[in-house]
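For reference, the chains in residue letters:
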Amino acid sequence: MNIVQITAHETVFSWVSRCHLRCGVGHVRNTYQALLNVFDIRLHPYLPNHLHGITQSSGIDEETLLVQHTLYALFRFFEHDTKGQLRRVMCRSGSPVLAAHIPQAAIGIALEHRYCPLCAKAQRQTLGFSYFDIRYQIPGVVACPLHQCLLASIASGDGALDKQICLPRVVAVLQECLTKEAHFSAFCFEVLDGALDHSDAVCSQHSYLNVLDRKGFITKRGHLRLRQLIDALRDFYADIRLPRGAEALLTFDFVGPLLRKKTHSPRHPLQHLLVGYWLFSGDAACYFNVPTAIEQLSLPIEETSSADELIKQGVVNGLSLNAIAKQTGKSRCYVRRIAELNKLQHRTNSLANSHKTRDLVVFQAQLGLHRKVIANNLGVGVGYVEQVISNTPELVSWRKTLAKFQKVAAAKETITAARLAHPDWVRKDIKAYCTNAFFCLYRNDKAALELVLPEKLPPQTPKLDWIKEDSRLFEAISALKPPYPKSLSALGRVVKDRAHLRERLHLLPKTKALLVELKLLCITNRRA
Ligand SMILES: [Zn+2]
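Residues numbered from 1 in each chain as written. Predicted model: local features only at pLDDT ≥ 70, side-chain atom pairs only at ≥ 80, totals over all residues. Heavy atoms only, no water.

Draft legend 1. Focus on the overall build of the chain. Per the secondary structure count, the chain includes 29 helices and 4 strands. The buried share among the 528 residues of the chain stands at 43%. Nonlocal contacts in the chain, meaning residues at least 24 apart in sequence, comprise 66% of its contacts between residues at least 6 apart. For the chain, the accessible surface area stands at approximately 29600 Å², while carbon and sulfur atoms represent 53% of it. (Helix = DSSP H or I, 4+ residues; strand = E, 2+ residues; numbered from the N terminus. Buried < 20%, exposed > 50% of the residue type's maximum accessible area, 1.4 Å probe, protein only. Contact = heavy atoms within 4.5 Å. Areas by Shrake-Rupley, 256 points an atom, 1.4 Å probe, with all protein chains shown as cover.)

Below is the structure:
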């Protein structure tokens, strides 16, 4: 079949459509058969398969098709092809959608071929035809950065185009887009270009975490300030439009799994692009030029004061705990705790329980009473008791020490009682039957353990049961068949006698009788 030349950035679907419209004969299935060597197929807008068939029929290089005319490079960059599965199914047969983990992302963007009506018009005027640009198929791109207008689209899924072909159509009404949407599209284009240029690069979490650190979204101990981060993202994207089905992403609940090391898994490119555009301020190069540790240190720090400092400042300035909690992204409980540990006055709930009650709680807590017992004694809630304990400096560590003492005392009592009940028990028995108590003392107070355990017994060598050994050797020798070994040593090696036949035969009467019977006993063996 005659074919047309594929244009730069053109999608595979667009090229097949043009081939059919220009050179095809009859039903579009004939064109699919001729170009892809498949009779019945629905080509995906940006992750088509059967590329190997196109290479065979048209001579277009498979790698060029894969990298420049599909979004393979983008998905590969965002860790969706670490095992080469996506490349395999796109070149041959299989489901690229599954290989690219799109169902797992649960983003319901409808399948459609998107295009800019003004770009299509310009193409018609200069080239004589219009085509679908692969860059506009990037999930999340809704605007043309060149013409600042919203993209038009042709649905391609079930109940729509399905297996038919099409090319961009003339659109009568144009819709303007927001500047931010156009900039976001331009950013997505740059990331795709970068992924093409850096064919080995894979998106690293470090590129995000480094900048997040500089922006003050990571604590001194390396934890993410997730709530503040999500709030910042929501504010930034409050007015942006995403393709139908992807609106749920604007809650940014996916940010935790995307950024946390422990729960990390490949995420959908749109999730990365949304975070990246905001974080890198639209500079796609940040994905590919990750600064070294030393360069990192020289970058300006936007906000370094920790949440604790902000809380202290807020309390001193007389802000309510609620307002501080919202500002710092910490819980009210945490804010209150920091304030009280630093002995800062705050008014919230100050009249709920009197100072006297509070002092009594502290006193009983110092005695090591259980939280529930204290709550019952004083007629207050367990939550209040817990809050007072955690908000009183050094009380928690004191109670921990006290709890250890109590455990050690209880363990001593347990072992002493066990010894009284079983005077014949040796150390091994105590260890076996009072395991918890034994190891509590072993870990916390070895001297006390030595005192409560029974006396050590002198080591005893294990005794061999000679009757049993006699029977074992008797059976082993009986099982042998002639010709027998010529010496006792050779026989011993066969039945694994541990030298007992030569050295201890006087303890093995049954075996000895058998050896005599079989005429295997050497008369020179003096001990026998
Ligand atoms: Zn355009």
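Draft legend 2. Examining the nonpolar core more closely. Tyr208 and Tyr287 are the most contacted members of the largest nonpolar core, which totals 91 residues. Among residues more than four places away in sequence, those in contact with tyrosine 287 are Phe77, Phe78, Phe187, Val191, Cys203, Ser207, Tyr208, His272, Leu273, Gly276 and Phe280. Core analysis: the second largest hydrophobic core is formed by 15 residues, Ile430, Ala437, Leu449 and Val452 among them. (Core = buried A, V, L, I, M, F, W, Y, C linked by side-chain atoms within 4.5 Å.)

Draft legend 3. Spatial organisation of the confidence of the model for the chain. When pLDDT is averaged along the chain, the result is 86; 94% of the residues meet or exceed 70. Among the scores for the predicted complex, ipTM is 0.97 and pTM is 0.59. (pLDDT = per-residue confidence, 0-100.)

Draft legend 4. Inspection of the environment of arginine 227 at higher detail. Turning to its location among the elements, arginine 227 is positioned in helix H12 (residues 226-236). With 101 residues separating them along the chain, arginine 227 and threonine 328 place their C-alpha atoms 8.8 Å apart. Those residues in contact with arginine 227, other than ones at most four positions away along the chain, are Gly329 and Lys330.

Draft legend 5. How the structure looks around the side chain of glutamate 340. Checked against the element boundaries, glutamate 340 lands in helix H18 (residues 332-341). Relative accessible area serves as the criterion here: at 14%, glutamate 340 is assigned to the buried category. Side-chain polar atoms of glutamate 340 contact the side chain of asparagine 391, separated by 2.9 Å. In contact with glutamate 340, not counting residues within four places along its chain, are His346, Arg358 and Asn391. (Polar contact = N/O pair within 3.5 Å; in protein donor to acceptor, adjacent residues only side chain to side chain.)

Draft legend 6. Region of the structure containing the coordination of the zinc ion. Taken together, Cys116 (SG), Cys119 (SG), Cys144 (SG) and His147 (ND1) make up the full set of protein donors to the zinc ion, lying 2.0 to 2.3 Å away. Here the zinc ion is ringed by 4 donor atoms whose angles at the metal span 104 to 113 degrees, and the overall shape comes out tetrahedral. Read in sequence order, the donor residues for the zinc ion give the motif C-x2-C-x24-C-x2-H. With cysteine 119 in helix H9 (residues 117-127) and cysteine 144 in strand S2 (residues 143-144), the pair connects residues that are 25 residues apart, well separated along the chain. (Donors = N, O, S within 2.8 Å, 3.2 Å for Na, K, Ca; no water. Tetrahedral: all angles 85-135°; square planar, octahedral: opposite > 155°, others 65-115°.)

Draft legend 7. Representation of the pattern of salt bridges. Counted under the stated rule, the structure contains 17 salt bridges. Among the salt bridges present, the one from arginine 29 reaches aspartate 40, with a minimum N-O distance of 3.5 Å. Separated by 11 residues along the polypeptide, arginine 29 in helix H2 (residues 28-36) and aspartate 40 in the loop between H2 and helix H3 (51-58) bring together distant segments of the chain. The salt bridge involving aspartate 239 is made with lysine 180; its shortest N-O contact spans 3.3 Å. You can see aspartate 239 sitting in the loop between H12 and helix H13 (255-259) and its partner lysine 180 sitting in helix H10 (residues 179-197), a full 59 residues away along the chain. Among the charged side chains, a network of salt bridges with common partners joins Arg29, Asp40 and Lys163. (Salt bridge = Lys/Arg side-chain N within 4 Å of Asp/Glu carboxyl O.)

Draft legend 8. Region of the structure containing the environment of glutamate 247. Here glutamate 247 lies in the loop between H12 and H13. In terms of polar contacts, glutamate 247 uses its side chain to reach the backbone amide nitrogen of glycine 245, at 2.9 Å.

Draft legend 9. Fine view of helix H22 (residues 395-421). Between its terminal C-alpha atoms H22 stretches 39 Å, which fits the 39 Å expected from 27 residues at 1.5 Å a residue. Those residues of H22 not exposed but buried are Leu395, Arg399, Leu402, Val408, Ala411, Ile415 and Ala418. (Expected span 1.5 Å × (residues − 1).)

Draft legend 10. Looking closely at the packing of helix H19 (residues 355-366) against H22. With their axes 9 Å apart at the nearest point, H19 and H22 run at an angle of 30 degrees to one another. In terms of orientation, H19 lies roughly parallel with respect to H22. Every residue of H22 that contacts H19 at Val362, Ala365 and Gln366 is listed here: Leu395, Trp398, Arg399 and Leu402. A breakdown of the residues in the contact of H19 with H22 according to their chemical character gives 5 nonpolar, 1 polar and 1 charged. (Axes fitted to C-alpha atoms, helices over the stretch in contact; angles between N-to-C directions. Parallel < 35°, antiparallel > 145°, perpendicular 65-115°, else oblique. Nonpolar A, V, L, I, M, F, W, Y, C, P; charged D, E, K, R; others polar.)

Draft legend 11. Inspection of the pairing of strand S4 (residues 152-155) at higher detail. Residues of S4 alternate between two faces, with Ala152 and Ile154 buried on one and Ser153 and Ala155 left unburied on the opposite face. Here strand S1 (residues 112-115) pairs with S4 via 4 bridges, running antiparallel. Along S4, the bridge assignment pairs histidine 113 with isoleucine 154. (Pairing = 2+ DSSP bridges.)

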